[in-house]
Amino acid sequence: MSNTIIDTNFQFPKQRTVYKGKVREVYNINNEQLVMIATDRLSAFDVVMPKGIPFKGQILNQIATKMMAATQDIVPNWLTATPDPNVAVGHLCEPFKVEMVIRGYMSGHAAREYKAGKRILCGMPMPEGMKENDAFPEPIITPATKAEMGDHDEDISREEILKRGIVSEADYVVLEDYTRKLFQRGTEIAAARGLILVDTKYEFGKTKDGKIVLIDEIHTPDSSRYFYADGYQERQAKGESQKQLSKEFVRQWLISQGFQGLEGQTVPEMSDAYIESVSERYIELYENITGEAFVKADVIDIQSRIEANVLAYLK
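Residues numbered from 1 in each chain as written. Predicted model: local features only at pLDDT ≥ 70, side-chain atom pairs only at ≥ 80, totals over all residues. Heavy atoms only, no water.

J.: Mind showing me how you'd approach the sheet that holds strand S1 (residues 15-20) here?
T.: Two pairing modes exist for strands in a sheet, parallel and antiparallel, and in both the strands are linked by backbone hydrogen bonds. An order of S1-S2-S3-S7-S6 is seen for the 5 strands of this open sheet, with the pairing classed as antiparallel. Two strands bound the open sheet, and with one partner strand each, they are S1 and strand S6 (79-84). Strand-to-strand twist across the sheet, computed as the mean angle between neighbouring axes with direction ignored, equals 20°. Note that S1 and strand S2 (residues 24-29) share 5 bridges and pair antiparallel. Bridge assignment links valine 18 to a residue of S2, and that residue is tyrosine 27. Here helix H1 (residues 56-69) sits on the sheet in contact with S2, strand S3 (33-38), S6 and strand S7 (87-91), set at roughly 145° to S6. (Pairing = 2+ DSSP bridges. Helix = DSSP H or I, 4+ residues; strand = E, 2+ residues; numbered from the N terminus. Axes fitted to C-alpha atoms, helices over the stretch in contact; angles between N-to-C directions. Contact = heavy atoms within 4.5 Å.)

Right, here's the structure in full:
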């Protein structure tokens, strides 16, 4: 088993605060820059698994970096540098309190809602007569906001966002425009790799000078769902499951072990062999999504490597 990084406790020059999310740890440097470290933690059903997945943080960070570079001509982003395979550095931003989820296909959460009889999702109509994994007539934006209590995201409509003053109307128009442009570009990039970008989420923030920029990750297997394009139509016609490229395989394994993140359930033990297989799947995801061979970083002492690279950059 390779070494993993599942927690950090750095003290960088002019460091103000540290925010620890499910996967990423964000260091505020002098209220000007953010140093975002992608750990190897694995989250599913809003629960962080006890063991890390080798190279997962590097994979997520490098996919997001490549996708930001491939979209910066249409949407500005927060990123300024990647001094380490697991690290992104960028502008300090005030995040918008909504995730802009966009769906080209009726899959995942949308399909579950549809099966339950709903035909409106976040204020967006879903046509009658659709089958799971069918394409929508055009992509729909179905935002989510963090619940007041607990860790689960909540569906919310555009109207409710504006009514509650979560985002101003002027800003929301920009978020919608950027979301559609990014999804279109992501769809084109995926198609060139023989993939279908099914759905994804984008997060945005505002810089000190008031500019709206893309933040966090983009088009990674943790934030997006992909299908293989080859055989998609045949599988739909036969009513078969689609071949997916996302961390759905982890969720399915957890479900098979009787775990869905519900109260009273215990996270199943992941053997070293299983963890290694998850790492291999993430490498496969990386290579399919980017079209490039994955180059493993030196993991003999990840903490020291990251610290040395970030300190050298901050100087």
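J.: How should the environment of glutamate 240 be read in this particular structure?
T.: Among the structural elements, glutamate 240 can be located in the loop between helix H5 (232-238) and strand S18 (244-245). Distance from glutamate 240 to leucine 195, taken between C-alpha atoms, is 17 Å for residues 45 residues apart in sequence.

J.: For this particular structure, what's the right way to read the packing of aromatic side chains?
T.: Between two aromatic rings, the relevant description is the distance of the centres plus the angle of the planes. Across all of its chains, the model carries 11 aromatic pairs by this definition. A centroid spacing of 6.4 Å and a plane angle of 70° characterise the contact between tyrosine 105 and phenylalanine 227, whose relative ring orientation is edge-to-face. Of this pair, tyrosine 105 sits in strand S9 (residues 100-105) while phenylalanine 227 sits in strand S17 (residues 224-228); the two residues are 122 residues apart in sequence, bridging distant segments of the chain. Among the residues examined, tyrosine 105 registers a relative accessible area of 16% and is labelled buried. An aromatic cluster is present here, built from Phe10, Phe12 and Tyr27 joined pairwise through their rings. For the cation-ring pair, lysine 243 lies above tyrosine 228, with the distance from its terminal atom to the ring centre recorded as 4.4 Å. A cation over an aromatic ring shows up here: arginine 281 above the ring of phenylalanine 249, its NZ or CZ 4.1 Å from the ring centre. (Phe/Tyr/Trp six-rings, centres within 6.5 Å; stacked < 30°, edge-to-face > 60°. Buried < 20%, exposed > 50% of the residue type's maximum accessible area, 1.4 Å probe, protein only. Lys NZ or Arg CZ within 6 Å of the ring centre and 35° of its normal.)

J.: Is there a simple way to think about the side chain of glutamine 236 in this case?
T.: Among the secondary structure elements, glutamine 236 is positioned in helix H5. Excluding its chain neighbours within four sequence positions, the residues that come into contact with glutamine 236 are Lys131, Glu132, Asn133, Asp134 and Gln242.

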